[in-house]
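Observations on chain architecture
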Amino acid sequence: MKAVLNNLGICILTGVFFLLAWNPIGIVPLIFIALLPLLFLHYKYINSKNRVYLLWMFAAFLCLNITTTWWVWNSSSWGALAMLLLNSLFMTLPFLLSRWVQKRTRTYIGQIGLVVFWLSFEYVHLRWDGSWPWLNLGNVFSDFIPFVQWYEYTGIFGGSLLVLLVNLFIWNGIYTKKKGFFHATFAMLSILFLWSYYLGNSDKIKPTDAINVVCIQPNYDAYTEKFTLPPSQMLGEMIELSQTEVDENTDVLIWPETSLVDNVDVNQPQLDYQIQRLKLWKRKYPNLSIFTGSNAQKLYRNTYEKPETAARNFGRPNSGLWWVFYNSSFLLTGDSLYSYHKSKLVPGTEILPFMGTLPFLEKLAVSLDENSASGTLGTSSHYNPLLAGEHKMVPAICYESIYGEHVANFVNNGAEYISVITNDAWWGNTPGYKQHLSYSKLRAIETRKWLARSANTGISAFINPHGEIVKKSAWQEKIAIKHKIYTNTFKTFYTRHGDYIGRAAILGSILLFLLCLVPKSRRSKLL
């Protein structure tokens, strides 16, 4: 019984360390010892039965997930339960694989395995249908941006690698009582701090132009107003709010995610009454570009086979009608109208994992938005930035802003600044919206681009290329904020090469697997 209580204490300690290190508390240096309780359990039960090992590692990761992302419960209890259980299980896998490698090789090989398996897990977790990379280790430094200016070279994978290495060095230093591990840790952190200081004070980024941007925050409650008030009423109110800051010198106006609540027909968006009303108002400001979130739909007629994975016919298979719904955005600039559909979808609410191979899962969809159909939404399949006036923007919709390589792909194709539109009201006044804002700072650093963020209930903000918030709103404040931002065409190493550390980890994982498949007699000679 005493051993059980001790293990429970270690599991809880893991959750406490991550709670304190993560935003919004943000005592970030604690992350450098936050994995030590996990390593203790890992080595304590490394030779135990699989079920015992899995039980305690899973329990520790469950505590970690609960303390940092409990707030998902506010939007969907079933979704939160699935996320907490599955993400905890997924996080256990790199440790389990490391254990498997160590039993077949040596301790240091097992630790190398832990590093490459964890980074591979984060890489895959950014790319599959059940993607939930919210707790990728490198995200923790969003509250410590003076230290991670080198993310322009590594992205968040550099931060994840650092967290793993420092924790392992400290663990080995404690276990072996060799001071060299602590000296190496100090040297590594010192070099990175000096490098970050140098990059943060560098003037290599040359602005090409200044543009005046207005972001509105209409502050509609997601449950009692956003999808119950008449869409035309909210449209009028958002135009009135915009007029408090928009003038003849404003270049870009940004509205939040799903500001246009009635579904816009993507085949004929110019005929939508919401688009037409915005165009009519925009005549007062000929040089103004308007970027807004919107619900959207596409209708297929006379089509008797499912035209795409996201299409549905609502139980009328012989009607020849199929609908595809989108979490979309539209850019009104000059006489042109451009669109982009969100392509990084939230599992459960916007995408059903494996629905292409398991279509019956559509019935299990969890819908947050009563105006949206349950199930998988349609997406855009390109990384073409949107041209607003003379300058190109990254159109990032909500969840997409936590995907570094996704944003970098738009910048690599010519985007000069980043626009993030979101509706974080679902989570209420919890750490969720604070973490979401904080992660945007990392996108600015990775790409060295200005970032303008428009959020329904907050927090709306302007972030400079060093990840510093230069202006922001308050939570649940009805306001329009204005700031001059600067475009640039600079492409960072990370912009050009993306998540190369994750790809290298995949290769390392494959090599370790191959090593473990070598007969034991030959394997010992290699090691």
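Reading the values: the criteria
- Residues numbered from 1 in each chain as written.
- Predicted model: local features only at pLDDT ≥ 70, side-chain atom pairs only at ≥ 80, totals over all residues.
- Heavy atoms only, no water.
- pLDDT = per-residue confidence, 0-100.
- Contact = heavy atoms within 4.5 Å.
- Axes fitted to C-alpha atoms, helices over the stretch in contact; angles between N-to-C directions.
- Helix = DSSP H or I, 4+ residues; strand = E, 2+ residues; numbered from the N terminus.
- Left-handed = near helix turned anticlockwise from the far one by under 90°.
- Nonpolar A, V, L, I, M, F, W, Y, C, P; charged D, E, K, R; others polar.
- Pairing = 2+ DSSP bridges.
- Salt bridge = Lys/Arg side-chain N within 4 Å of Asp/Glu carboxyl O.
- Buried < 20%, exposed > 50% of the residue type's maximum accessible area, 1.4 Å probe, protein only.
- Phe/Tyr/Trp six-rings, centres within 6.5 Å; stacked < 30°, edge-to-face > 60°.
- Lys NZ or Arg CZ within 6 Å of the ring centre and 35° of its normal.
- Expected span 1.5 Å × (residues − 1).

**Considering the confidence of the model for the chain**
- Within the chain, residue pLDDT values average 92, and 94% of them lie at 70 or more.
- pLDDT under 50 marks residues 365–374. Its contacts with residues more than four places away, or in other chains, come to 28 contacts.

**Details of the packing of helix H1 (residues 2–21) against helix H3 (residues 50–69)**
- Contact geometry for H1 and H3: axes closest at 8 Å, N-to-C directions at 35°. For the crossing formed where H1 meets H3, the hand is right-handed. For the pair formed by H1 and H3, the contact residues are Val4, Asn7, Leu8, Cys11, Ile12, Thr14, Gly15, Phe18 and Leu19 on the first element and Trp56, Ala59, Ala60, Cys63, Leu64, Thr67 and Thr68 on the second.
- When its residues are assigned to classes, the contact of H1 with H3 shows 11 nonpolar, 5 polar and no charged.

**With respect to the sheet that holds strand E10 (residues 451–455)**
- Within the open sheet, the 6 strands sit side by side as E7-E8-E9-E10-E11-E12. Their pairing is mixed. Of all the strands in the sheet, the pair left with one neighbour each is strand E7 (386–388) and strand E12 (469–472). Looking at each pair of strands side by side, their axes are set apart by 25° on average, direction ignored.
- Inspection of the sheet shows E10 paired to strand E11 (residues 461–463) by 3 bridges, in the antiparallel sense. Directly across from Arg453, in E11, lies its bridge partner Ala461.

**What to know about the pattern of salt bridges**
- Enumeration over the complete set of coordinates arrives at 11 salt bridges.
- As a salt-bridge pair, Lys342 and Glu350 come within 2.8 Å of each other at their nearest N and O atoms. As far as the burial class goes, Lys342 and Glu350 line up, both buried.
- In this structure, a network of salt bridges that share partners links the residues Arg127, Glu405, Asp499 and Arg503.

**Structural notes on the packing of aromatic side chains**
- Going through the model one piece at a time under the given rule, you end up with 35 aromatic pairs.
- Seen from their ring centres, Phe144 and Phe147 are 5.6 Å apart, and the 25° between their planes marks the pair as stacked.
- Residue Phe144 is classed as partly exposed on the basis of its relative accessible area, which comes to 30%.
- By the ring-pair criterion, three or more aromatic residues cluster together here, those being Trp71, Trp132, Trp134, Tyr399, Tyr403, Trp427 and Tyr439.
- The ring of Tyr53 has Arg99 sitting right over it, with the charged end atom 4.6 Å from the ring centre.
- Its end group placed over the ring of Tyr123, Arg127 keeps NZ or CZ at 3.7 Å from the ring centre.

**Some thoughts on helix H9 (residues 231–243)**
- Look at H9: 19 Å from first C-alpha to last across 13 residues, which is about the 18 Å you get at 1.5 Å a residue.
- The set of residues buried in H9 consists of Met234, Leu235, Gly236, Met238, Ile239, Leu241 and Ser242.
- Packing partners of the buried residues in H9 comprise strand E1 (209–217), strand E2 (252–254), strand E3 (260–265), helix H10 (273–282) and strand E13 (479–487).

**Things to note about the environment of Leu165**
- Looking at where Leu165 falls in the secondary structure, it is placed in helix H7 (residues 156–176).
- In this view, Leu165 contacts Val115 and Met188; residues no more than four positions away in its chain are not counted.

**Focus on helix H11 (residues 404–412)**
- For H11, a buried count of 7 out of 9 residues is recorded, marking the element as mostly surrounded by other parts of the structure.
- For H11, the secondary structure elements touched by its buried residues are strand E6 (336–341), strand E8 (391–397), strand E9 (417–422), helix H12 (431–447), helix H13 (493–497) and helix H14 (500–517).
- One or two residues past the end of H11 sits Gly414, with phi positive at roughly 115°.

**Let's talk about the pairing of E8**
- Of all 7 residues that make up E8, 6 are buried, and the element is covered over most of its length.
- Counted between consecutive antiparallel strands, the loop separating E7 from E8 contains 2 residues, among which Gly389 sits at a positive phi close to 70°.
- Here E8 runs beside E9; their pairing, made up of 5 bridges, is parallel. Bridging across to E9, Pro395 finds its partner in Ser419.

**Looking at the pairing of strand E5 (residues 322–333)**
- Extensive coverage of E5 is indicated by the burial of 12 of its 12 residues.
- Residues Trp322, Val324, Tyr326, Ser328, Phe330 and Leu332 point to one face of E5 and Trp323, Phe325, Asn327, Ser329, Leu331 and Thr333 to the other, with burial holding for every one of them.
- In this sheet, E5 lies alongside strand E4 (residues 289–300) in antiparallel orientation, the contact comprising 12 bridges. Residue Leu299 lies in a different strand from E5, and its bridge partner there is Trp323.
- As paired elements, E5 and E6 share 6 bridges and run antiparallel to each other. Considered in E6, the bridge of Leu331 is made with Tyr338.

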